[in-house]
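# Fold and contact review
For reference, the chains in residue letters:
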Amino acid sequence: MTFTRNASFETSRSNELQIEGACLCLSICEKEGVWCDIRTVHVGSPALSVRLKVAQERNQTYRLINEEVFIVYTPKPYAAQNPRSIIEGFPFATVTTAAPGLLATATPLYFVGDPKTSSAMAGHFAAGNPQAKALVDGMDVLAIFNGPHAYISAHWYEDRPTVPTWDYVAAHVRGKIKVLPDTEAKLAVLELVSARAEAYQGKPWTLADAPEGKVDSLIDFITAFHIEIEDIVGVTKLNQTHPRPDQLRVADQLERRNYFGDAEIARAIRNLAIDAE
């Protein structure tokens, strides 16, 4: 079987496929179906990771040799059609790295340039943060963006009774770190973050509005960076596998309960019918 780099395929067992001259071998943790492509992997079973091994043929420059790829569990019905919109709506991320040890920091991240086509994200840490001190160019990074979420009681299902679950919206960005050490690059990151965060203000605050000398006095105390994007995957788990009447009952109950995140999840469930049109 021959595929282009962007082709998708399904397999129910470890399989060997020919992709533009490179042999892609999947070692699957479960025997259930797996949907994936050459860049993004979505597991449709309880497996949390797969191992990709690409053997080089005819001097192919693209290859992965014994690389462990960690992915977000995304059954087909819940795969987000536009994960970038999740990130734009919920830019406060958990940035994780694994060298020298597992580290994580919560910080806002924004696309550099046009969010629809951007190949990089920008952010910064406090320079005293141990994770900031550990950043090096080319380091693997995973940024996790969590949107609204809500517990769904099984009492709310009538057409198809089942067990409780949790609805949620999230996106993962996997890529490489590019440290930005010079002052001009740091200022560009701060300007980007403030401009995006202030976009909804009637009169947006800018760095020029800071007290005189304040930004200059703080610039050495941050570590700015880009994430060079390799993959973006989004999940919108909103009871898509349930009959529409049950979906609407869930939305009704969420609006009635009105805990943190309930209204947002209810609105997203109601919009499922609109998105399907």
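See the structure printed just above.
These figures come from a predicted structure and were not determined experimentally.

Calculation rules
Starting from 1, residues in each chain are numbered consecutively following that chain's sequence as written. Only residues with pLDDT of at least 70 get local features here, since the model is predicted, and only at 80 or more are side-chain atom pairs given and counted; chain-wide, interface and lining totals rely on the full set of residues. Note that the side-chain values use all heavy atoms of the structure and ignore hydrogens as well as water. Elements are defined by DSSP. Helices are runs of H or I of four residues or more, strands are runs of E of two residues or more, and each kind is numbered from the N terminus. Buried means the residue's accessible area, taken with a 1.4 Å probe over protein chains only, is under 20% of the maximum for its type, while exposed means over 50%, and partly exposed covers the values in between. Two residues form a contact once any of their heavy atoms are found within 4.5 Å. Counted as a polar contact is a pair of N or O atoms within 3.5 Å, where, for protein atoms, one must be capable of donating a hydrogen and the other of accepting one, and residues adjacent in sequence contribute only when both atoms are in side chains. What a helix should span is 1.5 Å times the count of its residues minus one. Aromatic contacts are taken between Phe, Tyr and Trp rings whose centres are within 6.5 Å, Trp giving its six-membered ring; a plane angle under 30 degrees counts as stacked, one over 60 as edge-to-face, and the others as tilted. Any two strands with at least two DSSP-identified bridges between them are counted as paired. To define a nonpolar core, start from buried Ala, Val, Leu, Ile, Met, Phe, Trp, Tyr and Cys residues and group those joined through side-chain atoms within 4.5 Å.

Along the backbone of the chain there are six helices and 15 strands. When burial is assessed residue by residue, the chain has 44% of its 277 residues classed as buried. Long-range contacts, defined here as pairs at least 24 residues apart, represent 66% of the contacts in the chain between residues at least 6 apart.

By secondary structure assignment, the location of Asp137 is in the loop between helix H2 (130-134) and strand S13 (140-152). Its relative accessible area of 47% is what places Asp137 among the partly exposed residues. For the pair formed by Asp137 and Val179, sequence separation is 42 residues and the distance between their alpha carbons is 5.8 Å. Contact partners of Asp137, with chain neighbours within four places excluded, come to Ile177, Lys178 and Val179. For Asp137, the side chain forms a polar contact with the side chain of Lys178, separated by 3.5 Å.

To continue, consider unusual backbone geometry. Most peptide bonds are trans, and most residues other than glycine sit at a negative phi. Between Ala99 and Pro100 the backbone carries a cis peptide bond, its omega angle lying at 5°. Position of Pro100 relative to the elements: it lies in the loop between strand S9 (92-97) and strand S10 (103-108). In this structure, Asn239 is a non-glycine residue whose phi angle is positive, near 65°. Tracing the backbone through its elements, the reader meets Asn239 in the loop between strand S15 (222-237) and helix H5 (244-257). Phi is positive for Asn258, which is not a glycine, with a value near 60°. Given the relative accessible area of 52%, Asn258 is considered exposed.

Here helix H3 (residues 183-197) contains 15 residues, and its C-alpha end-to-end distance of 21 Å stays within 8% of the 21 Å for a straight helix at 1.5 Å per residue. As for H3, its buried residues are in contact with S10, strand S11 (110-111), strand S12 (120-126), strand S14 (165-180) and S15.

Take the packing of aromatic side chains next. Evaluation of the coordinates by the stated rule reveals two aromatic pairs. Ring plane angle 55° and centroid distance 4.9 Å describe the contact between Phe125 and Phe225, whose orientation is recorded as tilted. Pair noted here: Phe125 is in strand S12 and Phe225 is in strand S15, with a separation of 100 residues, a long-range link. With respect to burial, Phe125 and Phe225 carry one shared label: buried. Between the aromatic rings of Tyr151 and Trp166, the centroid separation amounts to 5.6 Å while the plane-to-plane angle is 65°, which identifies the pairing as edge-to-face. With Tyr151 in strand S13 and Trp166 in strand S14, this pair connects stretches of sequence that are 15 residues apart. Assessed through its relative accessible area of 44%, Trp166 is described here as partly exposed.

Once that is clear, we can look at the pairing of S9. One ladder, built from six bridges, connects S9 with S10; its direction is antiparallel. Its bridge partner lying in S10, Thr94 is registered against Ala106. Connecting S9 to the antiparallel partner S10 that follows it, the hairpin turn spans five residues. Pairing between S9 and S13: four bridges, direction antiparallel. Looking at S13, one finds that Val95 is bridged to Ala143.

So, about the pairing of S12. With five of seven residues buried, S12 lies mostly within the body of the structure. The sheet contact formed by S11 and S12 spans two bridges and is antiparallel. Residue Tyr110 lies in a different strand from S12, and its bridge partner there is Ala122. In the sheet, S12 pairs with S15 via seven bridges, with the strands oriented antiparallel. Within S15, the position partnered with Met121 by the bridge is Ile227.

The biggest cluster of nonpolar side chains holds 37 residues, and the ones touching the most others in it are Leu109, Met121, Phe145, Val173, Ile227 and Leu254. Listed by contribution, the elements that provide at least two residues to this core are helix H1 (83-89), S9, S12, S13, S14, S15, H5 and helix H6 (262-276). Beyond its immediate sequence surroundings of up to four residues, Met121 is in contact with Ile87, Leu109, Tyr110, Phe111, Val112, Phe145, Val173, Phe225, His226, Ile227 and Ile229. Core analysis: the second largest hydrophobic core is formed by eight residues, Ala122, Ala185, Val189 and Ala224 among them.

On their own, these measurements won't tell you what the molecule is for.
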